[in-house]
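Residues per chain, in single letters:
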Amino acid sequence: MIAADPGRVLAEVFGYDSFRGEQEAIVRHVIAGGDAVVLMPTGGGKSICYQIPALCREGTGIVLSPLVALMHDQVAALRLVGVRAAALNSAMDPAERQRVAAAYRAGELDVLYLAPERLSAPGTVELLDEGRIALFAIDEAHCVSQWGHDFRPDYLRLGALAERWPEVPRIALTATATPETHREITERLHLERARHFVSSFDRPNIRYRIEPKGQVRKQLIDFIRGEHSGEAGIVYALSRKRVEQTAAALRDAGIDAVAYHAGLPAEERLEAQTRFLREDGVVVVATIAFGMGIDKPDVRFVAHIDLPKSVEGYYQETGRAGRDGLPSEAWMAYGLADVVQQRQFIEGGGGDQAAQASQLRHLNQMLALCESTSCRRVFLLRYFGESREEACGNCDVCLNPPRLWDATVPAQKLLSTIIRTGRERGRTYAAGQHIDVLRGVGSERVTQMRLDELSTWGIGTDLSVQQWRGIVRHLLATGLLESQGEYGVLVPTEAANAVLRGQAEVHMREEVLQRAGGRGARGE
Ligand code: ADP
Ligand code: ZN
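These figures come from a predicted structure and were not determined experimentally.

Cut-off values and rules
- Residues numbered from 1 in each chain as written.
- Chains lettered and ligands numbered in written order.
- Predicted model: local features only at pLDDT ≥ 70, side-chain atom pairs only at ≥ 80, totals over all residues.
- Heavy atoms only, no water.
- Donors = N, O, S within 2.8 Å, 3.2 Å for Na, K, Ca; no water.
- Tetrahedral: all angles 85-135°; square planar, octahedral: opposite > 155°, others 65-115°.
- Buried < 20%, exposed > 50% of the residue type's maximum accessible area, 1.4 Å probe, protein only.
- Salt bridge = Lys/Arg side-chain N within 4 Å of Asp/Glu carboxyl O.
- Helix = DSSP H or I, 4+ residues; strand = E, 2+ residues; numbered from the N terminus.
- Phe/Tyr/Trp six-rings, centres within 6.5 Å; stacked < 30°, edge-to-face > 60°.
- Pairing = 2+ DSSP bridges.
- Axes fitted to C-alpha atoms, helices over the stretch in contact; angles between N-to-C directions.
- Contact = heavy atoms within 4.5 Å.
- Patch = residues over 30% accessible without salt bridge, like charges linked within 9 Å, V, L, I, M, F, W, Y side chains within 5 Å.
- Areas by Shrake-Rupley, 256 points an atom, 1.4 Å probe, with all protein chains shown as cover.
- Lys, Arg positive; Asp, Glu negative; His and termini not counted.
- Charge placed at Lys NZ, Arg CZ, Asp CG, Glu CD.
- pLDDT = per-residue confidence, 0-100.
- Near = heavy atom within 4 Å.
- Polar contact = N/O pair within 3.5 Å; in protein donor to acceptor, adjacent residues only side chain to side chain.
- 1 Å grid on protein atoms, 1.4 Å probe; cavity = no way out; pocket = protein on both sides within 12 Å on 5 of 7 lines; lining within 4 Å.
- Sits in = over half its atoms within 2 Å of the grid points.
- Nonpolar A, V, L, I, M, F, W, Y, C, P; charged D, E, K, R; others polar.
- Points joined across faces, edges and corners; volume = space filled by probe spheres on them.

**Examining the coordination of the zinc ion (ligand 2)**
Argument step 1. Within the protein, Cys 375 (SG), Cys 392 (SG), Cys 395 (SG) and Cys 398 (SG) serve as the donor atoms for the zinc ion (ligand 2), at 2.3 to 2.4 Å.
Argument step 2. Taken together, the four donor atoms coordinating the zinc ion (ligand 2) and their angles of 100 to 117 degrees define a geometry best described as tetrahedral.
Argument step 3. Ordering the donors of the zinc ion (ligand 2) by residue number gives the pattern C-x16-C-x2-C-x2-C.
Argument step 4. Taking the relative accessible area as the measure of exposure, Cys 392 reaches 19% and is therefore buried.

The following block contains the structure:
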């Protein structure tokens with residue numbers, strides 16, 4: 001199909017009156033043969049950005065998409081509106097693949113979905129040369145980011161498309177948009193000449209709420225029954241076991257919940273997904289295996305009962321709520337145990353030091369979001385490189401400002417202990433040693449290094465170990481301290497100087513201190 005006017009294709013094929021946001025500019029740019037990098041939040045309408053150019057340019061639009069399971073849905077949806085679409089992946093039998101290949105060669109396809117690993121399968125490149133390529137669309141382009149949460153090695157090979165087919169326009173799309181990921185996409189996919197289309201990542205209809213974890217199942221049930229009774233939602237948990245247990249607990253509480261994780265039989269997963277998509281008010285309890293590419297407009301809430309590994313992951317997952325623009329909620333319960341567990345997991349997980357450092361940085365950012373004492377949305381948008389100063393009025397911090405505790409003096413004590421130890425003993429230490437010095441606890445290590453002779457010895461006996469740990473964490477999360485090397489030695493940053501000189505204050509959520517108080521009073 002070749003129709004010159006993208007506006008007509010939008011109306012006649014997709015049934016929409018007008019383009020949204022940057023869609024029209026993107027579509028026109030790609031139709032004219034330009035490369036594009038598109039950063040748009042989930043639900044922003046990325047598909048049309050390559051589907052319409054595929055229809056308007058001569059030849060077949062090749063769409064590289066990581067999720068074989070979803071290709072068929074996408075193909076089916078396109079066929080339904082009369083687009084000649086097909087998919088090629090390893091899950092298909094040879095005869096089927098032959099049929100699709102023949103259709104492609106004969107120029108009978110508008111859109112062809114390919115799994116990235118297919119490109120390196122024998123014969124694929126030759127096949128592509130036997131037809132005419134309208135464009136390459138690289139969906140979920142953040143999968144190329146090695147340190148991201150969705151890294152797929154096959155994506156690295158997509159950089160070669162630029163060399164092999166230099167004249168074919170390429171469009172890379174993602175809903176993950178830290179400046180770092182953005183740069184990686186551009187470099188690794190060789191999109192140096194691309195135009196960049198960066199939409200605002202704000203999702204004003206989503207209300208963000210993050211609360212301390214107590215009895216998390218009860219909290220979750222209260223949240224769903226109290227505020228989202230009978231509504232569709234997604235609950236994310238980190239392990240398969242927790243997914244199953246939580247789904248069962250929700251069912252016991254009378255909530256229509258289904259479990260979804262990669263360890264379940266394919267039929268069960270499909271059934272869960274189908275029920276969620278077709279029926280009203282189904283809650284899916286899932287690992288992060290669920291959700292990418294799922295387009296259900298009326299998801300009223302996304303709940304996290306475990307701490308996500310990064311702010312990118314959190315934002316992408318919460319972005320699945322409220323695609324229809326109606327009020328929706330992103331709710332999370334987080335606990336310190338989550339943080340400890342994830343840190344151990346990262347440190348014990350092998351991987352080189354740079355990768356570990358990057359994972360820890362992601363975790364600290366996530367923590368900073370949880371412990372943030374100001375507007376969550378401002379934090380999130382800033383994280384994605386958007387500056388915005390005014391508080392949103394639609395997050396828990398804006399609606400119920402947390403009680404704060406002035407931690408300036410303890411922070412000064414901690415920072416000067418670190419600096420003094422470094423200066424007077426010429427060595428750096430991890431949090432544990434500094435806390436011993438502050439609390440005047442003489443471990444062998446401490447006396448050996450004569451740390452008990454420091455002037456900061458015992459100046460922090462008023463706080464428990466746990467409370468000191470809370471302060472360390474807060475300073476790490478807010479960028480006043482850095483944790484370096486495999487032992488996690490603490491190093492004050494440039495920004496810490498202002499606190500030491502009394503020019504900046506440190507405020508923490510009171511609840512962080514209170515929760516830490518009880519256990520720590522007796523020691524660790
Ligand atoms: P993304 O891939 O960015 O998450 P989709 O391409 O799946 O988003 O689009 C999200 C939803 O918005 C879909 O239901 C889609 O049909 C709808 N949509 C996209 N563009 C438009 C438009 N111009 N007008 C109305 N609805 C649109
Ligand atoms: Zn806010």
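**Notes on the pattern of salt bridges**
Side-chain pairs of opposite charge can arise where the charged atoms are in close proximity.
Argument step 1. For the structure on display, the rule yields 26 salt bridges.
Argument step 2. Among the salt bridges present, the one from Arg 170 reaches Asp 35, with a minimum N-O distance of 3.5 Å. Within this pair, whereas Arg 170 is found in strand β6 (residues 170–174), its partner Asp 35 is found in the loop between α2 (23–31) and β1 (36–39), the two being separated by 135 residues in sequence. Side by side, Arg 170 and Asp 35 carry an identical accessibility label, which is buried.
Argument step 3. Its salt-bridge partner being Arg 132, residue Glu 58 comes within 3.3 Å of it at the nearest N-O pair. Pair noted here: Glu 58 is in the loop between α3 (47–56) and β2 (60–64) and Arg 132 is in the loop between α6 (124–129) and β5 (133–138), with a separation of 74 residues, a long-range link.
Argument step 4. For Glu 58, a relative accessible area of 45% gives the class partly exposed.
Argument step 5. Each of Lys 213, Arg 242, Asp 306 and Asp 338 takes part in salt bridges that share partners, so that together they form one network.

**Remarks on the packing of aromatic side chains**
Argument step 1. Tallied over the full model, the rule gives ten aromatic pairs.
Argument step 2. Taking the centre distance of 5.6 Å and the plane angle of 90 degrees together, the rings of Phe 223 and Phe 301 count as edge-to-face. Highlighted residues: Phe 223 in helix α10 (residues 216–227) and Phe 301 in strand β12 (residues 301–304), separated in sequence by 78 residues.
Argument step 3. Judged by relative accessible area, which is 2%, Phe 223 ranks as buried.
Argument step 4. Since its relative accessible area comes to 0%, Phe 301 is described here as buried.
Argument step 5. Ring centres of Tyr 383 and Phe 384 lie 5.3 Å apart, and the angle between their planes is 85 degrees; this geometry places the pair in the edge-to-face category.

**A look at the pairing of β6**
Regular strands place their side chains on alternate faces of the sheet.
Argument step 1. Of all the five residues making up β6, five are buried; the element is thus mostly covered by neighbouring parts of the structure.
Argument step 2. The alternating pattern of β6 places Arg 170, Ala 172 and Thr 174 on one face and Ile 171 and Leu 173 on the opposite face, and all of these are buried.
Argument step 3. Bridge count for β1 against β6 is four bridges, and the pairing is parallel. Residue pairing across strands places Leu 39 opposite Thr 174, the latter belonging to β6.

**Focus on unusual backbone geometry**
Excluding glycine, residues mostly have negative phi values, and the peptide bonds linking residues are mostly trans.
Argument step 1. The phi dihedral of Glu 140 falls on the positive side, at around 50 degrees, and the residue is not glycine.
Argument step 2. Along the chain, Glu 140 turns up in the loop between β5 and α7 (153–156).
Argument step 3. The class of Glu 140 is buried, set by a relative accessible area of 13%.
Argument step 4. Phi angles above zero are rare outside glycine, and His 190 is one such case at about 50 degrees.
Argument step 5. Within the secondary structure, His 190 is located in the loop between α9 (179–188) and β7 (195–198).

**A word on the sheet that holds strand β8 (residues 206–212)**
Consider a sheet: its strands pair through backbone hydrogen bonds, and that pairing is either parallel or antiparallel.
Argument step 1. Strand order in this open sheet of six strands is β8-β13-β12-β9-β11-β10, and the pairing throughout is parallel. Only two strands of the sheet have a single partner each, and these edge strands are β8 and β10 (257–260). Direction aside, the axes of adjacent strands within the sheet are offset by 15 degrees on average.
Argument step 2. Sheet strands in contact with helix α15 (residues 353–370) are β8 and β13 (328–334), and its direction is about 110 degrees off that of β13.

**A closer look at a negative patch on the surface**
Argument step 1. Taken together, the side chains of Glu 244, Glu 267, Glu 268 and Glu 271 make up a negatively charged region of the molecular surface.
Argument step 2. No other element matches helix α12 (residues 266–278), which puts three residues into the negative patch.
Argument step 3. Within the secondary structure, Glu 267 is located in helix α12.

**Observations concerning the confidence of the model for the chain**
Argument step 1. Overall, the predicted model of the chain reaches an average pLDDT of 90, with 97% of residues at or above 70.
Argument step 2. For residues 518–524, every residue scores under 50 in pLDDT, and the model assigns this stretch nine contacts once sequence neighbours within four places are set aside.
Argument step 3. For this predicted complex, the interface score ipTM comes out at 0.97, alongside a pTM of 0.75.

**Some words on the environment of Thr 186**
Argument step 1. As for its placement among the helices and strands, Thr 186 is situated in helix α9.
Argument step 2. As for Thr 186 and His 196, which are separated by ten residues in sequence, their C-alpha atoms are 9.3 Å apart.
Argument step 3. When near neighbours in sequence (up to four residues on either side) are disregarded, Thr 186 contacts Val 37, Leu 191, Glu 192 and His 196.

**Looking at the site of ligand 1**
Argument step 1. The immediate surroundings of ligand 1 are formed by 15 residues, with Tyr 16, Ser 18, Gly 43, Lys 46 and Ser 47 found nearest.
Argument step 2. Interatomic distance of 2.8 Å between a side-chain N/O atom of Lys 46 and an oxygen atom of ligand 1.
Argument step 3. Between ligand 1 and Ser 47 there is a distance of 2.6 Å, counted from an oxygen atom to a side-chain nitrogen or oxygen.
Argument step 4. The pocket occupied by ligand 1, as judged from atoms lying within 2 Å of grid points, is the second largest pocket.
Argument step 5. Here the shell around ligand 1 is built from residues that sort into four nonpolar, seven polar and four charged.

**Some points on empty space enclosed by the protein**
Argument step 1. In this structure the tally under the stated criterion is two cavities of 30 Å³ or more.
Argument step 2. The space that makes up the largest cavity amounts to roughly 40 Å³.
Argument step 3. Lining the largest cavity are Ile 234, Phe 276, Gly 291, Ile 294, Lys 296, Val 299, Arg 320 and Arg 323.
Argument step 4. Split into classes, the residues belonging to the lining of the largest cavity amount to four nonpolar, one polar and three charged.
Argument step 5. Space inside the second largest cavity adds up to approximately 40 Å³.
Argument step 6. Lining the second largest cavity, in full, are Pro 41, Thr 42, Ala 175, Phe 201, Arg 203, Tyr 315, Gln 316 and Gly 319.
Argument step 7. Across the lining of the second largest cavity, the residue classes break down as four nonpolar, three polar and one charged.

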